[in-house]
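So the chains spell out like this:
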Amino acid sequence: MGACAKEELTSRAKPLRSTPPLYGKLQGFCPARWLTHDEAYGILLGTCGHSDVGRRDELVLRLGLAGMRVAEIIRLTIGDLRLGPEPTIEWIGKRNRPRKVAIGPAVLELVDDYMSRYSNGLGRPLEHSDLVVCRQKTGGGVGLISWGRPFKTPASVAKLVRLRAEEAASGT
């Protein structure tokens with residue numbers, strides 16, 4: 001790598017990561033960064049609301065803040081939820097490694113509410129194989145959840161997070 005390219009990567013004027021590029025690719029101009037505590041809870045409390053879509057979005061955001069990867073969130077099933085005396089979420093993560101997250105009372109209440117809405121939306125009891133996170137309807141059903149239909153790609157969740165962050169920033 002030339003000296004000029006290395007200088008661009010570490011320049012304070014262009015805040016790019018100083019990690020070496022892989023396979024000749026350079027990091028984008030706006031690298032990913034962590035949310036502050038205030039930013040994360042501003043998104044959660046300021047934009048989600050109590051509609052079916054709002055509860056779904058809050059669940060996705062809280063699972064992400066708990067450490068789950070986007071691909072893991074969209075593949076999470078009802079069978080992965082352990083809502084007993086010590087509520088946890090257990091799943092098989094990246095590289096077939098078992099992962100586990102303990103959930104607190106706020107998330108437990110959210111999961112219970114979302115699961116009852118989900119069951120009512122399907123018109124039947126939930127099965128262990130049902131996916132937890134469902135996408136929105138398109139066309140005439142915009143603003144409604146398409147119960148039982150999964151997100152197609154992790155990019156859909158990234159779009160959801162980006163939209164909620166923009167709403168929180170604008171105060172709507």
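Here the structure is a predicted model, which means the values were calculated and not measured.

Along the chain, E72 falls in helix α4 (residues 70-75). The exposure class assigned to E72 is buried, which follows from its relative accessible area of 4%. Apart from the residues lying within four places of it in its own chain, the contact partners of E72 are W91, G93, K94 and R99.

Here we take up helix α6 (residues 154-170). End to end, α6 covers 25 Å across 17 residues, agreeing with the expected 24 Å (1.5 Å per residue, within 8%). Of the positions making up α6, those classed as buried are V157, L160 and R164. The buried residues of α6 occupy an angular sector of 55 degrees when the element is viewed end-on, so they sit on one face. Exposed positions of α6 whose direction lies more than 90 degrees from the buried face are A155, A169 and S170.

Two packed helices can be described by the angle between their axes and the distance between those axes. Remark: helix α3 (residues 52-65) packs on helix α5 (residues 105-122), axes separated minimally by 10 Å, with the N-to-C direction vectors making an angle of 140 degrees. Classified by the angle their axes make, α3 and α5 are oblique. For the pair α3 and α5, the sense of crossing is left-handed. Residues D52, R55, R56, E58, L59 and R62 of α3 form the contact with α5, whose participating residues are V107, E109, L110, V111, D113, Y114 and R117. Partitioning the contact of α3 with α5 into residue classes produces five nonpolar, no polar and eight charged.

Basis of the calculations
- Per chain, the residues get numbers from 1 upward, laid out in the order the sequence is written.
- In keeping with the model being predicted, local features are shown solely for residues with a pLDDT of at least 70 and side-chain atom pairs are shown and tallied solely at 80 or more, while totals for entire chains, interfaces and linings include all residues.
- Side-chain figures throughout are based on the complete set of non-hydrogen atoms in the structure, without hydrogens or water.
- What counts as a helix is a DSSP run of H or I of at least four residues, what counts as a strand is a run of E of at least two, and both are numbered from the N terminus.
- Only protein chains enter the calculation, and the probe is 1.4 Å; a residue is then buried if its accessible area is under 20% of its type maximum, exposed if over 50%, and partly exposed in between.
- By definition, residues are in contact when any of their heavy atoms lie within 4.5 Å.
- To estimate the expected span of a helix, count its residues, drop one, and scale the result by 1.5 Å.
- Arc definition: it is the arc formed by the directions from the helix axis to the C-beta atoms.
- Each axis is a line fitted through C-alpha atoms, taken for helices only over the stretch in contact, and angles between the N-to-C directions span 0 to 180 degrees.
- Between 65 and 115 degrees an angle is taken as roughly perpendicular, under 35 as roughly parallel, over 145 as roughly antiparallel, and anywhere else as oblique.
- Here is the rule for handedness: rotate from the far helix to the near one, and if that takes an anticlockwise turn smaller than a right angle the crossing is left-handed, while a clockwise turn gives right-handed.
- In this count, Pro and Cys sit with the nonpolar residues alongside Ala, Val, Leu, Ile, Met, Phe, Trp and Tyr, while Asp, Glu, Lys and Arg are called charged and the others, Gly among them, polar.

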